[in-house]
There are 2 protein chains.
Amino acid sequence: MSGSNGGQTGRVSIIGLGPGDACYLTPAAQAALDEATDLIGYFPYVARVPERNGLTRHASDNRVELDRSRHALELAAGGAHVAVVSGGDPGVFAMAAALFEALDNGPDHWRALPITVEPGITAMLAAAAKAGAPLGGDFCAISLSDNLKPWALVARRLEAALSADFAIALYNPISKARPHQLDDAFTLARAHRAPQTPVLLARAVGRTDESLRIVPLSEVRGAMADMSTLVLIGASTTRLIEKPDGTAWVYTPRFHAGLEGRPAEDGGK
Amino acid sequence: MSGSNGGQTGRVSIIGLGPGDACYLTPAAQAALDEATDLIGYFPYVARVPERNGLTRHASDNRVELDRSRHALELAAGGAHVAVVSGGDPGVFAMAAALFEALDNGPDHWRALPITVEPGITAMLAAAAKAGAPLGGDFCAISLSDNLKPWALVARRLEAALSADFAIALYNPISKARPHQLDDAFTLARAHRAPQTPVLLARAVGRTDESLRIVPLSEVRGAMADMSTLVLIGASTTRLIEKPDGTAWVYTPRFHAGLEGRPAEDGGK
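Throughout what follows, the structure given in this document is the object of discussion. (Residues numbered from 1 in each chain as written. Chains lettered and ligands numbered in written order. Predicted model: local features only at pLDDT ≥ 70, side-chain atom pairs only at ≥ 80, totals over all residues. Heavy atoms only, no water.)

Residues and elements named next belong to chain A. Counting buried positions over the five residues of strand β8 (residues 167-171) gives five, a clear majority of the element. One ladder, built from five bridges, connects strand β7 (residues 139-143) with β8; its direction is parallel. Residue Cys-140 lies in a different strand from β8, and its bridge partner there is Ile-168. Chirality of the crossover, the property in question, places the unit of β7, helix α6 (residues 151-163) and β8 among those that are right-handed. One ladder, built from three bridges, connects β8 with strand β11 (residues 229-233); its direction is antiparallel. Note that in β11 the partner of Ile-168 across the bridge is Ile-233. (Buried < 20%, exposed > 50% of the residue type's maximum accessible area, 1.4 Å probe, protein only. Helix = DSSP H or I, 4+ residues; strand = E, 2+ residues; numbered from the N terminus. Pairing = 2+ DSSP bridges. Right-handed = clockwise from strand over helix to strand, strands pointing away.)

What follows is the structure, given as structure tokens:
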């Protein structure tokens, strides 16, 4: 009876695996994995968890997050200890929102199930750490995918974040089905930010094929990124520090003098 | 010769300790701590790292981030393996930006020092995980402190984030020296969001005195928070799921229909 523990109370742990390398997996997340009878997630994330006796693996394809969530809740209702795994943090453009959506729309008895969320190092934190401190001031995280929201909303959020001078982390920047959004985002950014504004392209952070590029906004192109890339557009204050080896740190100073030439909505209190 | 390792190349690791409990400390951060000869940070964070032979502790008070950073770089230039510790993630309103600021403005030879940043679970991710998935859509992180930026800029960023319907995580929400900013932020939020919008007040997440409250925007007050509280204002779509025990999950669905009644800047592409 795969996944059942004989009628005892089941539960769901929604677990963040962090960036690829196991050195980023928290002990809390590891403990939750160790207690699981069933492992649910997108293929590459399930593949990261070592096989062991007593653990049934249920890997599925991308874009079936709700089916996967209902499956997890059904197994837990039957007594299983289910681990739902995401890369990075499960609460940031990953499985946690999908699971609670399934819970919200599912049968009442699911609401009594014990559910825990184990946070993880999300991509923007891992990318920022490798590059310096580009998120040192206020920042936003925006998914560029318009699968679940209209592009008009994405564009409005980008405009708002640009006009108020946030650093901006872009998740899901590009895919074969959505090749144009990232260049559209860069075009919007060029209307608000100086040409030399640093843009960080962090690919596969924490994996063996990790790569990091810092490109001026005037030169950055969507084709420099893929679905494994975290794109981070600096604020107006984001700066480079050149190193003797020719590479550079990128950071956003904590101090900000304000947005000169713009109205101070509250009278400059 | 405190902290020196006899003239060999020193280095700096800027380390995120995560929320209070050691179960959130990544193995990468633990390894960096294990290799340190000198430990630098704000008192309560230094206190979290166990004492051991070969580790010299340099704890300092709040608000001396630049002095502390210069001290770390000087020790490293002298051969020490310096661990600079922050709670949460060092890149989010913590020591990483201060250290790179000190590097940017320091002597040229510091730029050759090996520096690594070890990411950690930042407060908003830990708080969100305890409460459900309130950061399930696009979101912003804003520090309410006006020690390093004018309040007019904070207010402008809040307005931008509210008008574009981001979920908003507020760091440094309140202190004895800044008692009014959080109520001012709630007042701004009430002009944009419905009265029942969930506001999460997550205090001391991951510590023994952890507490979590979800309060409707119409009823939330600054006095419900202190410096150890992460405040999270939901988006217009953020919802509660009632549990049989009377508590509730809070989550932001992945789907967003768009901002009706507002202009679609790009023609609704």
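There is more to say after this.
Looking along a regular strand, one sees the side chains alternate between the two faces of the sheet. All names here are of chain B. Within strand β2 (residues 38-42), four of the five residues are buried, leaving the element largely enclosed by the surrounding structure. Pairing geometry for β2 and strand β3 (residues 56-60), over five bridges, is parallel. Its bridge partner lying in β3, Asp-38 is registered against Thr-56. Where β2 lies against strand β4 (residues 81-86), four bridges are found, and the strand directions are parallel. Along β4, the bridge assignment pairs Asp-38 with Val-82.

Further remarks concern the interface of chain A and chain B. Facing the 80 residues of chain A at the interface are 80 residues of chain B. Both sides of the chain A and chain B interface together cover about 7000 Å² of buried area, and 62% of this is carbon and sulfur. The tally of links from chain A across to chain B stands at ten salt bridges. Two residues, Arg-254 of chain B and Glu-65 of chain A, come together in a salt bridge whose shortest N-O distance is 3.8 Å. At the boundary of chain A with chain B, the tally comes to 26 residue pairs in polar contact (both at pLDDT 80 or more). No other element matches α6 of chain A, which puts eight residues into the side of chain A that touches chain B. Residue composition of the side of chain A that touches chain B, by class: 47 nonpolar, 13 polar and 20 charged. (Contact = heavy atoms within 4.5 Å. Buried area = accessible area lost by both parts, 1.4 Å probe. Salt bridge = Lys/Arg side-chain N within 4 Å of Asp/Glu carboxyl O. Polar contact = N/O pair within 3.5 Å; in protein donor to acceptor, adjacent residues only side chain to side chain. Nonpolar A, V, L, I, M, F, W, Y, C, P; charged D, E, K, R; others polar.)

Quick look at helix α3 (residues 65-77) of chain A now. All names here are of chain A. Taking 1.5 Å per residue as the helical rise, α3 with its 13 residues ought to reach 18 Å, and the 18 Å between its terminal C-alpha atoms agrees with that figure. Where α3 is concerned, the buried positions are Glu-65, Arg-68, Ser-69, Ala-72, Leu-73, Leu-75 and Ala-76. Along the long axis of α3, the arc covered by the buried residues comes to 160°, so they all point the same way. On its buried face, α3 is in contact with β1 (11-16), β2 (38-42), β3 (56-60), β4 (81-86), α4 (95-104) and β5 (115-118). (Expected span 1.5 Å × (residues − 1). Arc of directions from axis to C-beta.)

In this section: the side chain of His-81 of chain A. All names here are of chain A. Position of His-81 among the secondary structure elements: in strand β4. His-81 sits in the buried class, given a relative accessible area of 16%. At 3.4 Å, the side chain of His-81 forms a polar contact with the side chain of Arg-11.

When chain A is brought onto chain B, the operation consists of a screw motion whose angular component is 180° and whose axial shift is 0.0 Å, with 0.0 Å RMSD remaining. Taken together, the rotation and translation relating the two chain copies correspond to the operation of a two-fold axis. Among all residues of chain A, the one whose C-alpha sits closest to the rotation axis is Cys-140 of chain A, at a distance of 2.0 Å. Looking at chain A, 100% of its interface residues are interface residues in chain B too, so the copies touch through the same face. (Least-squares fit on C-alpha atoms with pLDDT ≥ 70 in both.)

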